[in-house]
Amino acid sequence: MHPAFSVIFFTVTSGAGFGLFTLLAILHVFGLVDMTQETVLWAGIIGLVLVAVGLMSSTFHLANPKNAWRAFFRFKTSWLSREGVFAVLFYPFALLYLLGVFLQGAEINGFFKAMGILGAILAVITIFSTGMIYGCLKTIRQWNTALTPANYIFMGLALGGLLMVSALSYQDGADVMGVTGLTVTLLAIAALAKAVYYFWVAKVTGPTINTATGFTRAAVRLLDTGHTAGTFLTEEFGYEPDHSVVTALKTLVFALGFGLPILLLALVLAGQAGPGMALWATVSAFLGIIAERWLFFAEARHVVNLYHGAQHT
Amino acid sequence: MRLGLVIDIDTCVGCHACATACKQWNTSGTTGPLTDYRPYGENPSGVWFNRIRHYEIGDYPNNKTINFPMSCMHCEDADCVTVCPTGASYKRAEDGVVLVDQTKCMGCNYCSWACPYGARELDRESGTMKKCTLCIDRIYDEELEEIDRQPACVITCPAHARYFGDFDDPNSEVSKLVRERAGMQLMPELGYNPTNRYLPPRLTTPIPTDDVRKTDLISSVKQWVNKAIAR
Ligand code: SF4
Ligand code: SF4
Ligand code: SF4
């Protein structure tokens, strides 16, 4: 698949924003971490801005954006529609929760607490829907797996955890150890899930040029595609990443996306570095996970490529 | 009713007449125009509802060239319709034809990702998704003579390799052809249950070559002269 920058940017930032909000609301409402009013507001606003920027960038790849409002009306069958509905539904709850913190300080009443928790639930459901947009496509075996939404959720939460530790590092005398430990765990789970995915995806299954053409008892080779220049199909689905680029990027995913952030947070846990180190860990993780998302699209091979001569996907 | 096409791979000669006729009819039809990009420039491209590809089946000397026209299969379980977030893509209950409402489409490309058969192409000019309409503006047009109420590609085909009809009617020509010639679906394992069927090549007895006369002296000399003299 052609890796479109707007979609890579959208899935990473909105995932991180939803992840941050989820962790913030849960840790704050259940009193697991002592947070000041300022910290909650700042973290909340950063989360909402990331989500908003991400959602806005997702409309950039529409060829006819004037009809974008119609995308909310096929909730019954379309994951793309569901994602839009949940993302919009998330906002009033998240805003009410932050309003509560703004009015009442860090100690909010039951109503605002409920708003925070409902917002967190909707945030996770929205990341899940984003994953299902890709996961439900039978035409792309690299996506058609439960690992797809799982990866989206784990990576969103891991980035959210890093942002949470970074936000807490600005709060005087905050106890960041618990959140840091949690974030290291989330990063480790995300890394493990991604490793499982890469092993799983390496095994070729699914349709072949034989089942695509119906000639299953002989070799089938493409003689001619019937067109001299590129078509919509070759431009959208024909992208083939260089093998060496793929290997290099996979190393980058594990080194920058998971390895280095875990290492830096371990330094914080061991008392060798201040919580400010979390900022560097966050930057590193964002770079690594952008590489991961690029690979997610670039490595996806649509079955229509079989008609253009690919023997398998 | 379940309308669709039968394509006879045995007789298709790969002339691209159906694709050209399709483009000609539909560019001024309900989902037209079928925009061309750089039509007279380098690398001309554009929107087509029907494309013909060519394959080689088997290994020499037991090989065969196959011409393979593909347009929308008007699938029974069409994921292109279920994934569409705007409702622009729909499948008509009365005849099973899958269409795109050009006034509702937001050009997100999602349906083209969900289609295994490459039947959907985004028109970059209008920003909307376009696809084979099964010539919906021909097959119901009472102004046309009955014999002309067929898709443009079917009428045009000089090899008579395309048939249009109702697959729900067991006595229709398409149903009979599928029965008699083992009409097949493409990539059935994906579960889209495509309506269009393909008729595989008929079994033929190989033309014997062992009785071909061995070359005599005169023709050998002729061959040698032909090779030796550069033109
Ligand atoms: S061939 Fe593609 S566009 Fe046509 S109905 Fe099937 S899935 Fe949809
Ligand atoms: S491109 Fe148009 S028809 Fe296709 S899924 Fe998007 S809105 Fe629906
Ligand atoms: S049925 Fe009509 S729209 Fe579809 S391929 Fe044939 S000519 Fe084109």
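The notes below deal with the structure included here. (Residues numbered from 1 in each chain as written. Chains lettered and ligands numbered in written order. Predicted model: local features only at pLDDT ≥ 70, side-chain atom pairs only at ≥ 80, totals over all residues. Heavy atoms only, no water.)

1. Describing the sheet that holds strand β1 (residues 220–224) of chain A
Where strands meet in a sheet, backbone hydrogen bonds hold them as pairs that are either parallel or antiparallel.
Part 1: Read from one edge to the other, the open sheet built from 3 strands follows the order β1(A)-β4(B)-β5(B), with strand pairing classed as antiparallel. Single-partner strands in this sheet number two, and they are β1 of chain A together with β5 (64–70) of chain B. Ignoring which end each strand starts from, the neighbouring axes of this sheet average 35 degrees apart.
Part 2: Here 4 bridges tie β1 of chain A to strand β4 (residues 51–57) of chain B, and the two strands are oriented antiparallel to one another. Each bridged residue has a counterpart across the sheet, and for Val220 of chain A the counterpart in β4 of chain B is Ile57 of chain B. (Pairing = 2+ DSSP bridges. Helix = DSSP H or I, 4+ residues; strand = E, 2+ residues; numbered from the N terminus. Axes fitted to C-alpha atoms, helices over the stretch in contact; angles between N-to-C directions.)

2. A look at the site of ligand 1
Part 1: Around ligand 1 sit 14 residues in total, of which Cys72, Cys75, Cys80, Cys115 and Arg120 of chain B are the nearest.
Part 2: Along the lines of polarity and charge, the residues of the shell around ligand 1 split into 11 nonpolar, 1 polar and 2 charged. (Near = heavy atom within 4 Å. Nonpolar A, V, L, I, M, F, W, Y, C, P; charged D, E, K, R; others polar.)

3. Focus: the layout of surface pockets
Part 1: Approximately 840 Å³ is the volume found for the largest pocket.
Part 2: Residue lining of the largest pocket: 21 residues in total, with Asn62, Lys64, Pro201, Arg202 and Leu203 of chain B positioned closest to the centre.
Part 3: Lining the second largest pocket are 24 residues; nearest its centre among them are Ser58, Thr59, Leu80 and Glu83 of chain A together with Met106 of chain B.
Part 4: Elements that contribute at least two residues to the lining of the second largest pocket include exactly α1 (5–29), α2 (37–58), α3 (79–104) and α4 (110–135) of chain A together with α3 (110–114) of chain B.
Part 5: Take the lining of the second largest pocket: its biggest share by element is 6 residues, from α3 of chain A.
Part 6: For the lining of the second largest pocket, the per-class residue count stands at 17 nonpolar, 6 polar and 1 charged. (1 Å grid on protein atoms, 1.4 Å probe; cavity = no way out; pocket = protein on both sides within 12 Å on 5 of 7 lines; lining within 4 Å. Points joined across faces, edges and corners; volume = space filled by probe spheres on them.)

4. Things to note about the site of ligand 3
All names here are of chain B.
Part 1: Close to ligand 3 lie Cys22, Asn26, Phe49, Asn50, Ser71, Cys132, Thr133, Leu134, Cys135, Pro151, Ala152 and Cys153.
Part 2: Every element with two or more residues in the shell around ligand 3 is listed here: α1 (17–26) and α5 (152–156).
Part 3: Looking at the shell around ligand 3 residue by residue, the classes come out as 8 nonpolar, 4 polar and no charged.

5. Thoughts on the packing of α1 of chain A against α2 of chain A
All names here are of chain A.
Part 1: One way to put it is that α1 packs onto α2 with a least axis distance of 7 Å and a crossing angle of 155 degrees. The orientation of α1 with respect to α2, classified from their angle, is roughly antiparallel. The element α1 and its partner α2 pack so that their crossing is left-handed.
Part 2: Here the residues of the contact of α1 with α2 are counted per class, giving 15 nonpolar, 10 polar and no charged. (Parallel < 35°, antiparallel > 145°, perpendicular 65-115°, else oblique. Left-handed = near helix turned anticlockwise from the far one by under 90°.)

6. Some details on helix α7 (residues 217–228) of chain B
Part 1: Taking 1.5 Å per residue as the helical rise, α7 of chain B with its 12 residues ought to reach 16 Å, and the 16 Å between its terminal C-alpha atoms agrees with that figure.
Part 2: Taking burial as the measure, the 12 residues of α7 of chain B include 0 buried ones, a minor fraction of the element. (Expected span 1.5 Å × (residues − 1). Buried < 20%, exposed > 50% of the residue type's maximum accessible area, 1.4 Å probe, protein only.)

7. Topic: the pairing of β5 of chain B
Residue and element names in this part refer to chain B.
Part 1: The element β5 is largely enclosed, with a buried count of 5 among its 7 residues.
Part 2: Bridge analysis of β4 against β5 gives 7 bridges, and the strand direction is antiparallel. Across the sheet, Arg53 pairs through a bridge with Phe68, a residue of β5.
Part 3: Taking the residues that link successive antiparallel strands as the turn, the β4-β5 hairpin has 6 residues, and the phi of Gly58 there is positive, at about 80 degrees.

8. Topic: a nonpolar patch on the surface
Residue and element names in this part refer to chain B.
Part 1: Side chains of Leu217, Ile218, Val221, Trp224, Val225 and Ile229 sit close together on the surface and give an oily, nonpolar patch of about 660 Å² of accessible area.
Part 2: Among the secondary structure elements, Ile229 is positioned in the segment after α7.
Part 3: Assessed through its relative accessible area of 52%, Ile229 is described here as exposed. (Patch = residues over 30% accessible without salt bridge, like charges linked within 9 Å, V, L, I, M, F, W, Y side chains within 5 Å. Areas by Shrake-Rupley, 256 points an atom, 1.4 Å probe, with all protein chains shown as cover. Salt bridge = Lys/Arg side-chain N within 4 Å of Asp/Glu carboxyl O.)

9. Observations regarding the nonpolar core
Part 1: Counting residues in each nonpolar core, the largest one holds 138 residues, and the members touching the most others are Tyr97, Trp143 and Tyr307 of chain A together with Phe68 and Tyr117 of chain B.
Part 2: Not counting chain neighbours up to four residues away, the residues in contact with Trp143 of chain A comprise Met1, Tyr134, Gly135, Leu137, Thr148, Tyr197, Phe296, Phe297 and Ala300 of chain A together with Trp113 of chain B.
Part 3: Core analysis: the second largest hydrophobic core is formed by 13 residues, Ala19, Ile52, Leu99 and Phe164 of chain B among them. (Core = buried A, V, L, I, M, F, W, Y, C linked by side-chain atoms within 4.5 Å. Contact = heavy atoms within 4.5 Å.)

10. Focus on the interface of chain B and chain A
Part 1: In this assembly, 56 residues from chain B lie in contact with 57 residues from chain A.
Part 2: Carbon and sulfur atoms make up 60% of the surface buried where chain B meets chain A, a total of about 4600 Å² over both sides.
Part 3: Our enumeration of links across chain B and chain A arrives at 4 salt bridges.
Part 4: Across the pair Glu56 of chain B and Arg221 of chain A runs a salt bridge, and its minimum N-O distance is 3.0 Å.
Part 5: Broken down by secondary-structure element, the contributors of at least two residues to the side of chain B that touches chain A are β4, β5, α2 (79–83), α3, β8 (121–123) and β9 (128–130) of chain B.
Part 6: Considering every element that reaches the side of chain B that touches chain A, the biggest residue donor is β4 of chain B, with 7 residues.
Part 7: Across the side of chain B that touches chain A, the residue classes tally to 29 nonpolar, 17 polar and 10 charged. (Buried area = accessible area lost by both parts, 1.4 Å probe.)

11. Notes on unusual backbone geometry
Residues and elements named next belong to chain B.
Part 1: Of the consecutive residues Gly32 and Pro33, the connecting peptide bond is found in the cis state with omega at -5 degrees.
Part 2: Residues Tyr60 and Pro61 are joined by a peptide bond in cis, for which omega reads 5 degrees.
Part 3: At Leu134, a position not held by glycine, the phi torsion is positive, near 55 degrees.
Part 4: Along the polypeptide, Leu134 turns up in the loop between β9 and α4 (136–139).
Part 5: Leu134 gets classed as buried once you look at its relative accessible area, which sits at 1%.
Part 6: Unlike most non-glycine residues, His160 shows phi in positive territory, near 55 degrees.
Part 7: Structurally, His160 can be placed in the loop between α5 and β10 (162–166).

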